[in-house]
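# Architecture at a glance
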Amino acid sequence: MTAAAVSADDETKEGVMAVDLAPELLEILACPNCHSSLAVDHEADELVCTNTACGLAYPVRDQIPVLLVDEARRPSEG
Ligand SMILES: [Zn+2]
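Scored by pLDDT, the chain has a mean of 82; 72% of the residues are at 70 or more. For the chain, helix 1 (residues 23-28) is the element with the lowest average pLDDT, namely 87, and strand 2 (residues 46-49) is the one with the highest, namely 95.

Here it is as structure tokens:
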């Protein structure tokens, strides 16, 4: 992964990643299933639980993380 370049302008560029959550926001978010912290998966546009034993991936819709276990994508098993 490359480091994200933060630009000061408000212009939206084509191809910009959909998930652009503030680090401060990410810090206060926690997995509703196991209360571990979450990490942004820019490729999948998801918030992924950092607890490998949990590993649920939550979708982000319109920049709003949907932190619902029912909405989460469960890790493939086996
Ligand atoms: Zn979790």
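Looking now at the nonpolar core. Of all hydrophobic cores here, the largest spans 7 residues; its members are Cys31, Leu38, Leu47, Cys49, Leu56, Tyr58 and Ala72. Those residues in contact with alanine 72 that lie beyond four places of it in its chain are Leu56, Ala57 and Tyr58.

To continue, consider the pairing of strand 1 (residues 38-41). Side chains on a regular strand alternate between the two faces of the sheet. As paired elements, strand 1 and strand 2 share 4 bridges and run antiparallel to each other. Bridge assignment links valine 40 to a residue of strand 2, and that residue is leucine 47. Between strand 1 and strand 2, which pair antiparallel and follow one another directly, the connecting turn spans 4 residues, one of which, aspartate 45, has a positive phi of 55°.

This part is about the environment of alanine 30. Relative to the helices and strands, alanine 30 resides in the loop between helix 1 and strand 1. Sequence separation between alanine 30 and threonine 50 is 20 residues; the distance between their C-alpha atoms is 9.6 Å.

Let us now look at unusual backbone geometry. Even without a glycine there, the phi angle at histidine 35 is positive, about 65°. Locating histidine 35 in the fold gives a position in the loop between helix 1 and strand 1.

Our focus in this paragraph is the sheet that holds strand 3 (residues 57-61). Within a sheet, adjacent strands bond to each other through the backbone by hydrogen bonds, running parallel or antiparallel. Taken together, the 4 strands give an open sheet; going across it, the order is 1-2-3-4, and neighbouring strands pair in antiparallel fashion. Single-partner strands in this sheet number two, and they are strand 1 and strand 4 (64-65). Note: strand 2 against strand 3, 3 bridges, orientation antiparallel. Within strand 3, the position partnered with glutamate 46 by the bridge is proline 59.

Let's shift gears to the environment of serine 37. Tracing the sequence through the fold places serine 37 in the loop between helix 1 and strand 1. We classify serine 37 as partly exposed; it has 14 C-beta atoms within 10 Å. Considered as a pair, serine 37 and cysteine 49 are 12 residues apart in the sequence and their alpha carbons are 6.2 Å apart. In this view, serine 37 contacts Ala30 and Thr50; residues no more than four positions away in its chain are not counted.

Conventions used here
- Residues numbered from 1 in each chain as written.
- Predicted model: local features only at pLDDT ≥ 70, side-chain atom pairs only at ≥ 80, totals over all residues.
- pLDDT = per-residue confidence, 0-100.
- Helix = DSSP H or I, 4+ residues; strand = E, 2+ residues; numbered from the N terminus.
- Core = buried A, V, L, I, M, F, W, Y, C linked by C-beta atoms within 7 Å.
- Buried ≥ 20, exposed ≤ 12 C-beta atoms within 10 Å, placed from the backbone.
- Contact = placed C-beta atoms within 7 Å.
- Pairing = 2+ DSSP bridges.

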